[in-house]
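Below are the chains, spelled out letter by letter.
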Number of protein chains: 2
Amino acid sequence: MLSESRPAEQSIVKGGHLGPIEREAIEMFINFFRLLGLPKSIGEIYGLLFVSPHPLTMDDLMTRLDISLGAASQGLKTLRSVGAVKAVYSPGERRDHFVADLELSRFAASFIKEQILPKLEVASSRVERMEAALAELPEAERRETRARINELSRWLNRGRTMLPVALKLLA
Amino acid sequence: MLSESRPAEQSIVKGGHLGPIEREAIEMFINFFRLLGLPKSIGEIYGLLFVSPHPLTMDDLMTRLDISLGAASQGLKTLRSVGAVKAVYSPGERRDHFVADLELSRFAASFIKEQILPKLEVASSRVERMEAALAELPEAERRETRARINELSRWLNRGRTMLPVALKLLA
DNA sequence: CAGGGACTTCAATATAAAATGAAATGCGTC
DNA sequence: GACGCATTTCATTTTATATTGAAGTCCCTG
């Protein structure tokens, strides 16, 4: 929740074979992804891939991060779906190799487009239904409630138009 | 997680005595707050307060939303702490009355300032430690890893400077 | 300054989310 | 076209998070 930042955290990371750079990167991305409501394992995977100078296999991830097969597979799936990670071809190699896409803005764009904007649409239709329902309200409450719903409506519109702009600003 | 939006949801809200406007508002804010990783009960409370034309007591919230004493108390505490709700004085009344602060931008500002920016600071110091640790790295990997850490650093700086700007844009 | 609401805390419980790993599937190779 | 490694899926288990409500604290009020 609005946690007062975990108590004197000392190494969330448990996997072996990790150098200091990797540990820092992993913890950093765990925190970052948590902010977006994504599980720890996804932060770990992305963090390790991010600082890795060469592509890694699923098996690398499993052993170095000490996570399960399923977690690695699902985490990679999610990360690919949002454009944060891609598979690269490795000649003469059977297994898939993965790299982090360093263009974080692409990832942010996809996140906004696929997660936020759809929710704003749903919210908009809710507001419409609320406006329709205003008529049923007792006279006394109608005016004030209408004002509040309008406020909501203004915010949704602003969000829908400004979010993409704000994103460009960061990119 | 990156959920494909819950299956044909029909009324998450369980409390009785709620009109259609209230139900819509509550579900809407449940979803919105969930995006920020806040629990359902907080969305319910804020949603009901938002569309309510007059201040409500803790007891109102408990009965109408059918939540416990503790949930109401803690939820209000959190909401007040981020400036989303405030207590208003009600003459000749013993109990506290609460209203939603309609200025959502205030809430957003407080969220960024208290939740995001501190995390960016922590992340920055991580990056510094990573840069320091670069020296220990085998020659072969150093160049590429350095490039990646630099990328990270650029992003953090951009975030720290642009986030407050982006916020102003929305307000 | 005692009694009694109103509110807060927090240990216990209930609920939800993530990780695990065995079984199913896909896919390339011989 | 069957074998075998690589990957995905998903029921189960584990872990983390939210909710409850009884016990504690804080005021106001008389």
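Along each chain, residues carry numbers from 1 onward, in the same order as the chain's sequence is written. As they are written, the chains are lettered A onward and the ligands numbered 1 onward, keeping that order. Only residues with pLDDT of at least 70 are given local features in this predicted model, and only at 80 or more are side-chain atom pairs given and counted; all residues enter the totals for whole chains, interfaces and linings. The side-chain figures draw on all heavy atoms in the structure; neither hydrogens nor water molecules are used.

### Focus: the protein's contact with DNA strand D
One heavy atom suffices: a residue is near a molecule or strand as soon as one of its heavy atoms comes within 4 Å of it. Lining the immediate surroundings of DNA strand D are 20 residues, of which Ser73(A), Arg95(A), Asp96(A), Ser41(B) and Ser68(B) lie closest. Between N or O atoms, a polar contact is any pair within 3.5 Å; within protein, one atom must be a potential hydrogen donor and the other a potential acceptor, and residues adjacent in sequence are included only when both atoms are from side chains. Arg80(A) places a polar side-chain atom, nitrogen or oxygen, 3.4 Å from a phosphate oxygen of DNA strand D. Note that a phosphate oxygen of DNA strand D is positioned 2.7 Å from one of the side-chain N or O atoms of Ser41(B). Numbering of helices and strands runs from the N terminus, with a helix taken as a DSSP run of H or I at least four residues long and a strand as a DSSP run of E at least two residues long. Counting only elements with at least two residues in the surface near DNA strand D, the list comes to helix 4 (69-81) of chain A together with helix 2 (40-51) and helix 4 (69-81) of chain B. With 6 residues, helix 4 of chain A is the single largest residue contributor to the surface near DNA strand D. Tallied by class, residues from the surface near DNA strand D come to 6 nonpolar, 7 polar and 7 charged. Under the scheme applied, nonpolar residues are Ala, Val, Leu, Ile, Met, Phe, Trp, Tyr, Cys and Pro; charged residues are Asp, Glu, Lys and Arg; polar residues are all the others, including Gly.

### With respect to unusual backbone geometry
All names here are of chain A. Phi angles above zero are rare outside glycine, and Asp-66 is one such case at about 60°. Following the sequence through the fold, Asp-66 ends up in the loop between helix 3 (58-65) and helix 4. Summary of the burial criterion: residues with accessible area below 20% of their type's maximum are buried, those above 50% are exposed, and those between are partly exposed, where the area comes from a 1.4 Å probe applied to protein chains only. A relative accessible area of 42% means that Asp-66 is categorised as partly exposed.

### So, helix 5 (residues 104-133) of chain B
Each α-helix turn comprises 3.6 residues. Residues three or four places apart therefore point the same way. To estimate how far a helix should extend, the number of its residues minus one is multiplied by 1.5 Å. In this model helix 5 of chain B runs 42 Å from its N-terminal to its C-terminal C-alpha over 30 residues, within 8% of the 44 Å that 1.5 Å per residue would give. One axis is fitted to the seven residues ending at the residue and one to the seven starting there. The bend at that residue is the angle between these axes. If you look at helix 5 of chain B, its biggest bend is around 30°, right at Ile112(B).

### Looking at the packing of helix 1 (residues 20-35) of chain A against helix 5 of chain B
Angles here are taken between N-to-C directions and fall from 0 to 180 degrees, while the axes themselves are lines fitted to C-alpha atoms, restricted in helices to the stretch in contact. Between helix 1 of chain A and helix 5 of chain B, the least distance of the axes is 9 Å, while the angle of their chain directions is 165°. One element, helix 1 of chain A, and the other, helix 5 of chain B, form an angle in the roughly antiparallel class. Handedness of the helix 1 of chain A/helix 5 of chain B crossing: left-handed. The segment helix 1 of chain A lies against helix 5 of chain B, with Pro20(A), Ile21(A), Glu24(A), Ala25(A), Glu27(A), Met28(A), Asn31(A) and Leu35(A) engaging Ile116(B), Lys119(B), Ala123(B), Arg126(B), Val127(B), Arg129(B), Met130(B) and Ala133(B). Across the contact of helix 1 of chain A with helix 5 of chain B, the residue classes tally to 10 nonpolar, 1 polar and 5 charged. Small angles under 35 degrees read as roughly parallel and large ones over 145 as roughly antiparallel, with 65 to 115 read as roughly perpendicular and the rest as oblique. Should the near helix be turned anticlockwise from the far one by less than a right angle, the crossing is termed left-handed; should it be turned clockwise, right-handed. Every residue pair with non-hydrogen atoms within 4.5 Å of one another is taken to be in contact.

### Here we look at the relation of the copies chain A and chain B
Take chain A, turn it by 180°, move it 0.0 Å along the axis, and it overlays chain B with an RMSD of 0.2 Å. As the rotation angle and translation indicate, the two copies are arranged about a two-fold axis. Among all C-alpha atoms of chain A, that of Ala166(A) lies closest to the rotation axis, at 2.7 Å. A residue counts toward the fit only if its pLDDT is at least 70 in both copies, and the copies are then superposed by least squares on the C-alpha atoms of those residues.

### Some words on the side chain of Glu44(B)
Tracing the chain through its elements places Glu44(B) in helix 2. Sequence-distant contacts of Glu44(B), defined by excluding residues within four places in its chain, comprise Ile26(B), Ile30(B), Leu65(B) and Ile67(B).

### Some remarks on the domain arrangement of chain A
Residue and element names in this part refer to chain A. For chain A, the assigned domains read domain 1 (20-100) and domain 2 (104-170). By convention here, the domain bounds are inherited from an automatic or database domain assignment. Here the C-alpha centre of domain 2 lies 34 Å away from the C-alpha centre of domain 1. The partner domain 2 presents 5 residues to the 7 residues of domain 1 that form the contact. A 1.4 Å probe defines the accessible area here, and the buried area is the portion of it lost by two parts on being joined, summed over both. When the two sides are added together, the surface that domain 1 and domain 2 hide from each other amounts to roughly 580 Å², 76% of it contributed by carbon and sulfur.

### Focus on the environment of Leu137(B)
In this structure, Leu137(B) sits in the loop between helix 5 and helix 6 (139-170). Spatially, the C-alpha atom of Leu137(B) lies 47 Å from that of Ile42(B), the residues being 95 residues apart in sequence. What Leu137(B) contacts, discounting residues up to four positions off in sequence, is Ile21(A), Arg142(B) and Thr145(B).

### Thoughts on the interface of chain A and chain B
Of the residues lining the interface, 55 residues belong to chain A; the matching set on chain B comes to 57 residues. The junction of chain A with chain B conceals about 5100 Å² of combined surface from both sides, 73% of it contributed by carbon and sulfur atoms. Counting the surface chain A buries against chain B, the share from its top three residues, Leu2(A), Arg126(A) and Arg148(A), is 15%. What counts as a salt bridge is simple: a side-chain nitrogen of Lys or Arg found within 4 Å of a carboxyl oxygen of Asp or Glu. Inspection of the chain A/chain B interface yields 6 salt bridges. Of all the secondary structure elements, the ones that give two or more residues to the side of chain A that touches chain B are helix 1, helix 2 (40-51), helix 5 (104-133) and helix 6 (139-170) of chain A.

### So, the nonpolar core
Judged by nonpolar contacts, the single largest core of 95 residues is most densely connected at Tyr46(A), Leu49(A), Tyr46(B) and Leu49(B). Non-local contacts of Tyr46(A), meaning those with residues more than four positions away in its chain, are made with Phe29(A), Phe33(A), Leu79(A), Ala84(A), Val85(A), Ala100(A), Asp101(A) and Leu104(A). The definition of a nonpolar core used throughout is a set of buried Ala, Val, Leu, Ile, Met, Phe, Trp, Tyr and Cys residues joined through side-chain atoms within 4.5 Å.

### Looking at the pattern of salt bridges
One pass over the full model with this rule turns up 20 salt bridges over all chains. Notably, a salt bridge pairs Glu24(B) with Arg129(A), separated by 2.7 Å at the nearest N-O pair. With Glu24(B) in helix 1 (residues 20-35) and Arg129(A) in helix 5, this pair bridges two chains. Using a relative accessible area of 13% as the deciding quantity, one classes Glu24(B) as buried. With a relative accessible area of 43%, Arg129(A) lands in the partly exposed category. When salt bridges that share partners are traced, they join Glu24(A), Glu27(A), Arg126(B) and Arg129(B) into one network.

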